[in-house]
Amino acid sequence: GQVAWRATVPGDASVPPEAQILMAPHRHLVTYPLRGGALRNIVAVQERADWVAEGWAHRDDPANLRRAFDDFTGEARALIDAVDDVYLWGLFRHPVALCWHGPGVAILGDAAHPTLPFLAQGGNLALEDAWVLADCLGNGNGPDALARYQARRRDRAQRVISAANRNAWKYHVGFGPARWIGHSALSVLGQVAPGRMVRQFDWVYRHDVTRGD
């Protein structure tokens, strides 16, 4: 039920290396600098029923992106208006693979546990997988090395993916009481305990896979 446009536009070196998320009913936009600020990455997500093929190599007309976010203003409007080349893909939930290995072969990253992009952890999970896989193989290339790799990684991958799935709803709270209550709670929490929203994900961002699981 969601699609995402992805594009890059010329950036500004003065923009700090931070991700910005702008939310609206049934839509959100994420932007952050790339290549030392030379580019800005844009990911714009919209809830909709239209079927879009899976994959990220489907070109779309930038006018469709602009229509979907026509009420966005300020910097977000300027970024969207600067898009000349954009790709569109459907977002799909898939179960974590039951088996990540076979004789002489292993899978990792999205091949083993594809995730929605609402926790920005797809690439990071793949890096964690790679480190653990190398560690398991380095500590004995026996027949159980690949099984140990999956055992060490599967629960964490599943937990991260479940959290990303929950964020999909949080990002797109629509109209009415639910939106007002949610935004009010975030506003109060941001003033009373500004670090709490970040600390709730310490288990994601402060996890050091090199220290063991």
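Just so we're clear, the structure is a prediction, and the values are computed from it rather than from any experiment. (Residues numbered from 1 in each chain as written. Predicted model: local features only at pLDDT ≥ 70, side-chain atom pairs only at ≥ 80, totals over all residues. Heavy atoms only, no water.)

**Quick look at the overall build of the chain**
On a plain count of helices and strands, the chain comes out with 7 helices and 8 strands. Of all 213 residues assigned to the chain, the portion counted as buried reaches 37%. Taking as baseline every contact in the chain between residues at least 6 positions apart, the subset at least 24 positions apart corresponds to 69%. Summing over all exposed atoms, the chain offers an accessible surface of approximately 12300 Å²; the carbon and sulfur share of this is 58%. (Helix = DSSP H or I, 4+ residues; strand = E, 2+ residues; numbered from the N terminus. Buried < 20%, exposed > 50% of the residue type's maximum accessible area, 1.4 Å probe, protein only. Contact = heavy atoms within 4.5 Å. Areas by Shrake-Rupley, 256 points an atom, 1.4 Å probe, with all protein chains shown as cover.)

**Here's the deal with the packing of aromatic side chains**
Overall, the coordinates contain 4 aromatic pairs when judged by the stated rule. Residues Trp100 and Tyr149 carry aromatic rings whose centres are separated by 5.6 Å and whose planes lie at 65 degrees to one another, so their mutual orientation is edge-to-face. Of this pair, Trp100 sits in the loop between strand E6 (86-91) and strand E7 (101-102) while Tyr149 sits in helix H4 (residues 145-171); the two residues are 49 residues apart in sequence, bridging distant segments of the chain. Ring centres 6.4 Å apart and planes at 75 degrees place the aromatic pair Phe201 and Tyr205 in the edge-to-face group. The exposure class of Tyr205 is partly exposed, given its relative accessible area of 48%. Ring pairing ties together the aromatic residues Trp5, Phe69 and Phe72, which thus form one cluster. Positioned above the aromatic ring of Trp203, the side-chain terminus of Arg159 is 3.8 Å from the ring centre. (Phe/Tyr/Trp six-rings, centres within 6.5 Å; stacked < 30°, edge-to-face > 60°. Lys NZ or Arg CZ within 6 Å of the ring centre and 35° of its normal.)

**Observations regarding the pattern of salt bridges**
A complete count under the given rule lists 11 salt bridges for this structure. With its nearest N and O atoms 2.6 Å apart, the salt bridge here joins Asp71 to Arg27. You can see Asp71 sitting in the loop between helix H1 (62-68) and helix H2 (74-81) and its partner Arg27 sitting in strand E3 (residues 27-34), a full 44 residues away along the chain. Judged by its relative accessible area of 11%, Arg27 falls in the buried class. Several salt bridges share partner residues, and in doing so they unite Glu128, Asp129, Arg153 and Arg156 into one network. (Salt bridge = Lys/Arg side-chain N within 4 Å of Asp/Glu carboxyl O.)

**Observations concerning H2**
All of the buried residues in H2 are Ala76, Arg77, Leu79 and Ile80. Take H2 and look down its axis: the buried residues cluster within an arc of 165 degrees, on one side only. As for H2, its buried residues are in contact with strand E1 (2-10), strand E2 (20-24), E3, strand E4 (39-47) and H1. (Arc of directions from axis to C-beta.)

**A few points about the pairing of E6**
In terms of residue burial, E6 counts as a mostly covered element, since 5 of its 6 residues are buried. Sheet topology note: the E1/E6 ladder contains 5 bridges and is antiparallel. In the strand pairing of E6, Arg6 is matched with Tyr87. (Pairing = 2+ DSSP bridges.)

**Here we look at the sheet that holds E2**
Each strand in a sheet pairs with another by means of backbone hydrogen bonds, the pair being arranged parallel or else antiparallel. One open sheet accounts for 6 strands, arranged E2-E3-E4-E1-E6-E5; its pairing is antiparallel. Of all the strands in the sheet, just E2 and strand E5 (59-60) have a single pairing partner and so form its edges. Across the sheet, H2 touches E1, E2, E3 and E4, and the angle it forms with E4 is around 100 degrees. (Axes fitted to C-alpha atoms, helices over the stretch in contact; angles between N-to-C directions.)

**Details of the nonpolar core**
The biggest cluster of nonpolar side chains holds 19 residues, and the ones touching the most others in it are Trp5, Leu29, Leu65, Phe69, Phe72 and Val83. Within the residue set of this core, elements represented by two or more residues are E1, E4, H1, H2 and E6. No other element matches the 4 residues that E1 contributes to this core. Membership of the second largest hydrophobic core comes to 12 residues, among which are Val96, Trp100, Cys136 and Leu146. (Core = buried A, V, L, I, M, F, W, Y, C linked by side-chain atoms within 4.5 Å.)

**A look at the confidence of the model for the chain**
Of all residues in the chain, 88% attain a pLDDT of 70 or more, and the chain-wide mean is 87. The least confident element of the chain is helix H5 (residues 177-192), whose mean pLDDT is 64; the most confident is H1, at 96. (pLDDT = per-residue confidence, 0-100.)

**Some details on helix H3 (residues 122-138)**
Here H3 contains 17 residues, and its C-alpha end-to-end distance of 24 Å stays within 8% of the 24 Å for a straight helix at 1.5 Å per residue. Those residues of H3 not exposed but buried are Leu125, Glu128, Asp129, Val132, Leu133 and Cys136. Looking straight down H3, one finds its buried side chains confined to an arc of 135 degrees; they lie on one side. The outward face of H3, more than 90 degrees from its buried face, is lined by the exposed residues Leu127 and Gly138. Where H3 terminates, the next one or two residues include Gly140, which has phi positive at roughly 125 degrees. (Expected span 1.5 Å × (residues − 1).)

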